[in-house]
Structure formats: C-alpha cells, structure tokens
Amino acid sequence: MTGFEYTILIPLIPLAIFLITGLLGMKWKPAVSGILGTAGMGTSFLLSVITAISYFFGGHGEAGFSPIIPANITWLKLTETLHIKMGVLLDPISVMMLVVITTVSFMVHIYSLGYMKGEKGFARFYAFLSLFSFSMLGLVLATNIFQMYIFWELVGVSSFLLIGFYYEKPSAVAASKKAFIVTRFADLGFLIGILILSFITGTFDFDQLTNPQASVFGGAASLGFMGISAMTWAMVLIFIGGAGKSAMFPLHIWLPDAMEGPTPVSALIHAATMVVAGVFLVARMFPVFHFQAPDALEVVAWVGGFTSLFAAVIAITQFDIKRVLAFSTLSQLGYMMLALGVSGYGGEEGLGYMASMFHLFTHAMFKALLFLGAGSIIHAVHSNYMYDMGGLRKYMPITHITFLIACLTIAGVPPLSGFFSKDEILVAAFNHNKILFGIEYLVAGLTAFYMFRLYFNVFWGKDRHYHHTPHESPLTMSIPLMFLAVASVFAGFLPFSELVTSDAKPFETEMHLMIAVPSVLIGLVGIFFAWLLYKKESRVPDAIAAKFGILYKATYNKFYFDEIYLFVTKKIIFNYISRPVAWFDRHIIDGFMVGIGLVTEKTSYLIKGMQSGQLQHYAFAFVAGTLALVLSILYFL
Amino acid sequence: MNILSLFVVVPVLTIVGILFTKDFKGARVVSAIGMSIQLVLAAALILMYLGARKAGVTDEMLWTADYTWFKSLNIHYAIGVDGIAVAMIGLTAIVVFAGIFASWEVEYLSREFFISLILLATGVFGFFISLDLFTMFLFYELAVIPMYLLIGVWGSGPKEASAMKLTLMLMGGSALLMVGLFGLYYNSAPDGGSLTWNILEIAKIKIPVEAQRFFFPFTFIGFGILGALFPFHTWSPDGHASAPTAVSMLHAGVLMKLGGYGCFRVAMFLMPEAANEMAWIFIILTTISVVYGAFGAIWQKDLKFINAYSSVSHCGLVIFALLMMNQTAMDGAILQMISHGLMTALFFALIGMIYGRTHTRNITEMGGLMKVIPFLAVVYMIAGFASLGLPGLSGFVAEMTVFVGSFQHQDTFHRVVTIIAASSIVITAVYILRVVGMILLGPVKDPHHLELTDAKWFERLSTITLVLSVAAIGIAPLWLSDMIQASLEPIVAKLTVFNPF
C-alpha cells in the first residue's frame, strides 16, 4: 500500500467517459455530453492536484523524491524477461505532468462548452477530448517504455481524430493525415530505438533503465554499428520519436497544418500537452541519455536550438494568428529540448533539466492561454487572419487583458512566469555552449517581436469591416482565460528547483543578473520594434518585407518544407515506388503466372489435333513410329 | 463423441438441414443456427482448454482420438488440438458466424450458396483438428474446392476467370504439397518399421537430412501459396475482387491461415534441419512481400484490391515471423494470423456492405460516407486502425510481438530484415489513411449517396462480433499469448536444437 492507489482513477475516468459518450452520446442532448466530460475531467483535475500536494509536500528522504508505483500489471509477456506492463509511476516529472495535463484539459473542457456550442459533432468532440486526455495521462504515468509507446500511439490517433474533427473540410482531412503519417514515421524510429534498447538491457522498465547505478547496460559498450555505439543509435532513434511528436525540425511540418482542428484542441493538444510528449520522453530517459549516450544528448541540444530559431523566424512572417502561435510553440519546444540537451545530471549540474521542466510547465499555461484567447478572437470575428482584425481591445476587454498578460509572459518580462523559466534555460545554455546561448538570446528577442506584432495587429490599429460588432465571449470561455492568466502570472514563483530535478534531490538556484538583465532588455527591444512597426497601421512592414524579397518569400512559405513533404509523398512514394510496384505485380509477376496458364492452354491446342479420333491417323502414326524406331536402332547399332 | 469431432459433425448436419429448407429464408436461418452452435462450441473449447491447462494437463495435444481409416496405407482419422489449433478454431468460428450474417441477403441459389460456404468451413475445421497428414490434406482440399464454385457462380466482375486463376494456382500449390507429404510419409520410418502419416509420430523421429532438403521446399511453398507467399500471391487480388462478401471474408480471414499454419505445423516442425538451412531464402521473400504488398496497396483504386495487397503484406509478416524460429516471433506470427483473420474479415464484410449500397468499389467515386452511413464508416475506421497497428486493437499486439521476437537474433541479417519489415507500419498508415480520407471523410462526392441507409441489424451483428473480437485481443492479449507460447514450446525446441543462433 502506497496510499496513492487512487491515482489510477485519474486516467480511467476519462476513459470511462470516452466509452460512455462514444457509445451513447448521439442519443443524448449535446449539453449532457459536455457537462459529463467536464465533470469527469474536473474530478481528474482535483485528484491530480491532491496527488501533487501529497507527493511534493508529503516530505521526502535523503535521496530526494522517490518514485512510487501504486499499480503495475503484466499486460503481455514477450520473452522470458521482456514483459510489457501497464501501471502507474509517480515521480516528480510525472506528477508535474499530471497537473499540467488535467489543468489545461479541464480548462479546455469548460471553454469548449461555449466555443463548440451548436456544433454538429458536440458529443463526438467531447468523446475525443476524453480519449485524448486518457491517452496522454497514460503516457506520462507509464512505468515502462513500451507502455509509453502504446499510449504514444493512442495520443497520435486522438490527435488525428481531433485535427480532422471538421471531417467534411478537405483541408482538415489532409492536415490530420499529414500529422498522423509524419508522426508515424518518427514513431518507427522510436520503435526501432526501443527494440535496440530492450535487446541490450533486457528490460522495458523505467526503474531499471533510468537508475543511474543501472547494471542493465553491462554489455552495451562493446556493441556498435557503423562506428557509432549501439546506445547512441538507440537513443538517437528514440529521440526521433520524440522529435516527431514535439515537431522538431525537420519533422515540424505537421504542426502548423494541425491548426485546422478546432481551436480548443490546438490549445490542449498542439500547444500544452501532446507536443511536449517528446520533451517528456527525453526527460524520462534523461539518465540513459546522460550516462550511456552523451552524443545523442548533443544532438538533442542542437536540434532544439535550431528549431527554436528556425520557427521564430517563420513566425514573424505569418498572418494566420493560429499559425503564428503554432510556430511560436515550435520555437518554445526547441527551448525545452535545448535545455535538456545542455543539462548535466545531479544538483546544479542538472539546471537545464529543471529549467526545461519548469518551462514546460509555464509554457503550458501561457500558450494554452494564448490559444484560447485566439479562439475567443476567432469566435468574435470569424477569421483566422490578422488583416481581418484590428482595434479589438475596445470590444473584448477580458480577452485583451489576458492575451496581453500571455504575450508579456512569453516575452519574458519579469516577474511573470516565462521570465523565470526562460532565464534558467539561458543560464544552463550559457554554462554549456556559448553558440547555443547566443541563438537563444536572439530567439528571445524574436519571440517578443512576433508576439507583439500579433498583439498590436489584433488589438490596436483600425477597426475592420466585421460581420457584426465583435463581442466579448461568454463566461464559459472567459473564466478559463482568467484562470490561465492567473496561472501564467504566478507559476514562476513555484520552487521548481526543490521539486523537479534531474536526480529528484532539491538544490538552490539564484538569479544570474548578468544573464537575466540583458535577456529582459532584448525582450523589451523586441516589443519596442513591434510597437514601432505595428502600433499604427503603416506601410513600413510591407516595405521591409519587399526589401528582403526572396528571403521574405522563402520565410513566408516556411522554407518550402511542405513542398518537400508533398514531393516525397505524392511523387516519390506514390508515383515512383508504388505505381511501378503495382505495375510490376500486375504485368510481370501475374503476367508470368497467366503466361504459364496460356502456354499450357496453347500447347494443348497444338497437340490436340493428334487425338483426331480417325483410325487411319492412328495407324499411320503407329506405322511411322515403328519404322522410325527400327531405323534408328539399325543406325545406332 | 469427442468434442473435436463435433466441429466437423455440426457443419455437416447444418448442410443436411439446409437441404430440407424451402427458400432462402429457411436456408439462412438454418445456417445461422448451425454456425451459432459452432461459435458456442468454439468458446466452450477455448474455456475447456484453458481449464485443462490450468489443472496441470501437460499433454502436447488434448482430446486426441485415433481411428484407422484406410489400413493398407496406414491412414487414420487422428485428431487432437493444442493451444494454437484451439485459437485457430476460435478464429474460424467467429469468421464463419460473421460471414453468414454478412450474406444474409443472398437470394440467388441461396441454399447452394450456404451449403458451399459451410462445406468450406467444414474443411477448415477439419484441417485444424487433424493430426494425420493425409486427413489434413483431404480437409485442405475440401476447403479449397468449394471456393471455385463460390466465386464462379456468386462472384462479380470477371468471376469465371478469377475463379479459374485462383483455383489453378491453389491446385498448383496442392500438387507441390502432395509431393511433400508423400515425401514425409515414405521417409517416416528411416530405420524400418511401418510408415505413418501421424504428425506426432513423425516428429519423434528424424527424417534424413537429404530427404528434408528435397521435400521441404515442396511442402513449404505448397502451403506458402495459400498463405500468399511472394511471388505466388497474385491469385489473391483477382480472387478477392471477384468473390462474394462472405467468401472473401472466409478466404482471407481463415483459408489463408491454413497456409501459415501448415508452414510451421508440417513443414518446419517435421523438417527442422532443412527449415533452418533454407530459412534465409524465405525470409528474404517474405520481407519483400511485407513491404511490396504495402506499396502495392497504395496505388490501388478498388477497395478489394487494396485489401488484397494489404493481406499480402500482413500474411507475409506471418511467414516472416515463423521463420525467425523463436518462441516470441512465432507467437507473434500466430497472433498475426488471428488478428489479420479477424480484421480482414471485417474489412471484406464492410466492403461488401458499402458496395451493396454505392454499387462501386472504386475509391475515387466515393467520398464523405461518414456523413451518410456513420455506423459502417466508424466500423471501417476501426478496422483501418486495427490494420495500421493501433494499440488497443489486435494488430498492434501481433506486430509488436513479431518485431520484438525477430529482433532477438544477434546477427545483422535478421536485424536488417526486421527493420525493413517494421517500416511497413508507416506504409500501412499511408494507404489506410488514404482510403479513409477519400471514401469516408471530406464532402459527399456523389449526390446519389445522400440517400443511402445505414447498416441493418444483421450487418451490425456481423461487424460488431468482429470488432469486439479485435478489441478483446487488443486490450487483453495475455491469456491468448500465453496459451500460444506454451503450445509452441515443443515446436521451438525441435527447431532450435539445430539452430546456430
């Protein structure tokens, strides 16, 4: 008995609600599904908060917070040692994730009561939301890497279903397909990584894999392939899986398109929870990365760093507000990956790890807020494009204030939460690698700039021709906004370094003014330029865009990665592989089989004449045969 | 009477019953009753088997019985089952049951239709309970021959040509197989004594390695043709495309499994040395079929063709895993047989139901069916997810067991082919989502489709049975996997004695 048995209910409640709503939802009034889903998620939320309080504040021993496994059953026995189990693992990061997921999910459930009101698939929407919440909770609570993979796939499919929620819209269908296939491709890497890892260690269980004194890696050093050690291969492949879900460059292409889904979905799945699964995966496997495959960790750092810059640059040029936010998400996820990549293990060495988790937490709050705010705006003006918006601050005061708070948070203005978490990341990067540190400084400025470009465009400037006067959203939508705004403001004061650290032992952090002050300044510079350019409508931004010409166009078109994706799928796979295979099968292989049949048939036609049924033919053949035989015998003898 | 014999007797009695019916309503009711009894029997058999194992019965085969049938050639009616056969019988019972309800509205010569269908099922059940090679072969032929009539008479499109192609290719397989089985029989007493057809008897002795080398390819390819082994798979697309719904279901769902089952129960189990020597050739062939079938499916436009190629890919994985010759991979192979049997039967049932409404199977002519026939569309989507290996459905369990098992080999060759085979999970996702996106989602393409009606009760019964089975295995696979693994022990033990790995 660990006293935490009730935690198993946290994922099971949404599962039950998914099944009930999925089977019966069509027969009910829509509101019933919504309220049932929200109530269930609220219960999970409360349970998660209770879990977090009793876990973090129930005291801990010398060795820090120890992992607790309240439940674990064997699901499938593969070999003597490799068993897939299903269970619940509570440790600092999983408990933190519980809080993040249930908080955002609960808020999104409430928000959707207003946002999705009157939609045709209301019950279906809530069923899918519950399915997603179940899968995501199962993922973070996994006790072993295979359980994680199982829920990983389930999360992927819930994402597919929700992106394609408006299934009559071809663009939504295409986007959902793209998201699924790109992440599936990455999951193949994850799967092969698991195969290698489990072969080396003979276990899937995290408590054996991530134990720093692990003995399971005994024979690992001698194995290798193409001059790279087997462990590095395994961890890089597993990271590819994480990179797919977390939309790291170059697997990022699905995320912007995923914005086709309803906006609350974007907030929940494609901003706050599912996309951080990759970061969570790296954090979960961090001791393995650190001790067994430091080279793979270096890859994580650079991929993260590059993605954060790449995405921030694209974000500047986009006009669809949800896509700006999507690229912003990419950029922030890059931050988190980078922080893990530069981290060490244990105590202050593990600052990057702590910072990454910290940023994951704060980012979930302020990015969910941004998306829900964007949803509120879209709800009011019925467009996604910022050139259809302007001057909205007068009409939508709550949305305006909460959105502004979120923008300030992401720009890293003290004392809002984003400032603290970003500062820790910068310090960790500074200690590890100066180039990455430089990139992150630049990104901090870019972030402030594109966020305030969005803010000024939407809330300031001139009014547009609206279909009707924009109005503030109903309470169901504004309450989650206010809640998340409060969370974004105060989350920075959580003592993360005492709760969520690489070795589960608390350590002290201090403010590094040398790094913090310039980073704030750079953020303010970004805001200042955005103010200069976009406060009032002017031609300056267009002029600047024109000046950059091709570069601007390339950025606006996201550096043509979508075209590359289309080229690979439509041209190469479809036209150059699949089509020849199909042709080959029909004409060569089947042709050969048919050919055998034809030859048999033709031959039988040829020789059928001999069986004419006329006695004189047979007599002739008989005599001729005898003669030929006699002659040949005579000749050869 | 031995419970196993009931599995042959009940279908035969059902056929007799159908003979006495007057119209198609009577015929289908009798068939439904007969096959429901069969389903209950199968469930009882599974429970009894699990009970017996739990009680500590360790015999390799349970409920064995042996009657001499033709003395001078020592042919017996010898029966007995282990966990694998029990699982396959369960699969067959489910698929036949669903198949009867999926052909509820066959009115043309319906008595003859149901008789042929159940005759086919009789052959399959008989095959799985047999321990005597000759009887096994007899049942095997009994299952293949009604197929010709079923496709040729009740089929669609170029049905005569397809029926001919399918039957001739499978008969070609049978011819090879017969040579192989005779080879086994005449080598079954290398040290003198009486020759035998009994699998368990032959397994006790060692067939001379030279004889194995000669006869193994005959037996393996003979069975392999029915299991859609590349490059002998081309009967499958044409045959399936022309076959009526229930026949496609039974054929892809069950009949193709006879191939995989025979491959390990006869060819590999009885000729382990040759199997080890030649495994690499067939591993290469099946690796090709896994990937090739999946790529082939991407380009197709006919729903049945897509599914036929998908079956080539999935059944390729069955033989692929069998050839890995360790307990985990072979367990995966059998799980994959069951999983593929259920989900492909579901697919064909759905395709038949959709075709019955839209009168087309061309995916470019359909669209937005989710809106008009939501039940069928949702079930189709579930089938699709099962096919692309979504956790919680049976395909995932099978595939993961196969991949983990295959990866236990130390050498690069096995590693590389495993990774190539694993890449099919991505390609599968591509073609499944393409179909789902085209026919189910998006706007309704053909205005005539707006008037379609959703599934009727018998269609619901048929598909829900299959969906529940797929989900049950996907959610709680442990009992099934344990049952199979325990039964695999003697087979794996025989194979690995000579295994250099």
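Note that this is a predicted model, so its numbers are computed, not measured. (Residues numbered from 1 in each chain as written. Chains lettered and ligands numbered in written order. Predicted model: local features only at pLDDT ≥ 70, side-chain atom pairs only at ≥ 80, totals over all residues. Heavy atoms only, no water.)

A. Spotlight on helix α3 (residues 83-102) of chain B. In a regular helix each residue adds 1.5 Å, so 20 residues correspond to 28 Å; α3(B) covers 28 Å between its end C-alpha atoms and thus fits that length. Counting buried positions along α3(B) gives 20 out of 20 residues, so the element sits mostly inside the fold. (Helix = DSSP H or I, 4+ residues; strand = E, 2+ residues; numbered from the N terminus. Expected span 1.5 Å × (residues − 1). Buried < 20%, exposed > 50% of the residue type's maximum accessible area, 1.4 Å probe, protein only.)

B. Expanded view of the pairing of strand β2 (residues 83-90) of chain A. Residue and element names in this part refer to chain A. With six of its eight residues buried, β2 lies for the most part within the structure. Pairing between strand β1 (residues 68-77) and β2: seven bridges, direction antiparallel. Counted as the bridge partner of Thr74 is Lys85 from β2. Hairpin remark: β1 followed by β2, antiparallel, with five residues in the connecting loop. (Pairing = 2+ DSSP bridges.)

C. Spotlight on unusual backbone geometry. For the peptide bond that leads from Pro414(A) to Pro415(A), omega is 5 degrees, which places it in the cis range. Backbone torsion omega between Phe230(B) and Pro231(B) reads 0 degrees, so that peptide bond is classified as cis. Here the phi dihedral of Trp63(B) falls at roughly 50 degrees; this positive angle occurs in a residue that is not glycine. By the secondary structure assignment, Trp63(B) is in strand β1 (residues 62-70). Looking at Trp63(B), the relative accessible area reads 24%, which means it is partly exposed. Look at Leu109(B): it is not a glycine, yet its phi comes out positive at around 45 degrees. Mapped onto the elements of the fold, Leu109(B) is located in the loop between α3 and α4 (110-129).

D. Structural context of the side chain of Ser246(A). Residue and element names in this part refer to chain A. Of note, Ser246 is situated in the loop between α8 (230-245) and α9 (254-257). Polar side-chain contacts of Ser246 include one of 3.3 Å to the backbone nitrogen of Val279. Leave out the neighbours within four places in its chain, and Ser246 touches Val275, Val276, Ala277, Gly278, Val279, Leu330, Leu333 and Met337. (Polar contact = N/O pair within 3.5 Å; in protein donor to acceptor, adjacent residues only side chain to side chain. Contact = heavy atoms within 4.5 Å.)

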